[in-house]
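A structural walkthrough
The primary structure of each chain is shown beneath.
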Amino acid sequence: MGRRAVPQELVMLGERIRNRRMELCMSQEALAEKAGISANTVSRIEGGQMSMTIGIFIKLVQALDTDADRILGIIPEPERKEYREIFYRISHLRAGEQEIVLRTVETLVEELHRNR
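So, here's what we can say about the structure. Note that the structure is predicted; figures quoted are calculated from it, not measured.

Counting its secondary structure elements, the protein contains seven helices and zero strands. Starting at the N terminus and walking to the C terminus, you meet the elements of the protein as α-α-α-α-α-α-α. A burial count over the protein gives 25% of its 116 residues as buried. Sequence separation of 24 or more characterises 49% of the internal contacts of the protein that already satisfy a separation of 6 or more. Within the structure as shown, the protein displays about 8300 Å² of accessible surface, and the carbon and sulfur contribution to it stands at 56%.

Dropping the structure here:
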């Protein structure tokens, strides 16, 4: 038998969807239209009142221009909005560009630690 989401998991999933929608300054109606689902469905999902099919989940992830790991909570949300924005921008770079950013940040952090 498969594992079903418990209500608290649905609430947390809904909160992550709502947070991402709000980051994009998008209404529930706009998200619903972009995802091809009803605004009532978006409202119920965000409120943790309903689970969703994989198909609806994929539509929401695409409409929110994010990745499934972030919505599922596998990638933790950064505490500060600035961190979320820079993470989002880096995640949309090509792999080689992401590697350059990572090496640059690592070098900068090491240098800052040495100069304390």
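Structure's up, so let's keep going.
Attention shifts here to the side chain of Glu46. Within the secondary structure layout, Glu46 lies in helix 3 (residues 39–46). On the basis of relative accessibility, which here comes to 1%, the residue Glu46 falls in the buried class. Setting aside chain neighbours within four positions, we find Glu46 in contact with Gly14, Glu15, Ile17, Arg18, Arg21, Gln28 and Leu31.

The rules behind the values
What you see as residue numbers is a count from 1 along each chain, following the sequence as written. Thresholds applied to this predicted model are a pLDDT of at least 70 for local features of residues and 80 or more for the giving and counting of side-chain atom pairs; totals over whole chains, interfaces and linings are not thresholded and use all residues. Excluded from the side-chain calculation are hydrogens and water; included are all heavy atoms of the structure. Starting at the N terminus, helices and strands are each numbered in turn, a helix being any DSSP run of H or I of at least four residues and a strand any DSSP run of E of at least two. The buried label applies to any residue whose accessible area, calculated with a 1.4 Å probe on protein chains only, is under 20% of its type's maximum; exposed applies above 50%, and partly exposed to all values in between. Contacts between residues were defined by any pair of non-hydrogen atoms, one from each residue, lying within 4.5 Å. Throughout, the Shrake-Rupley method with a 1.4 Å probe supplies accessible areas, and for residues the shown protein chains are the sole cover considered.

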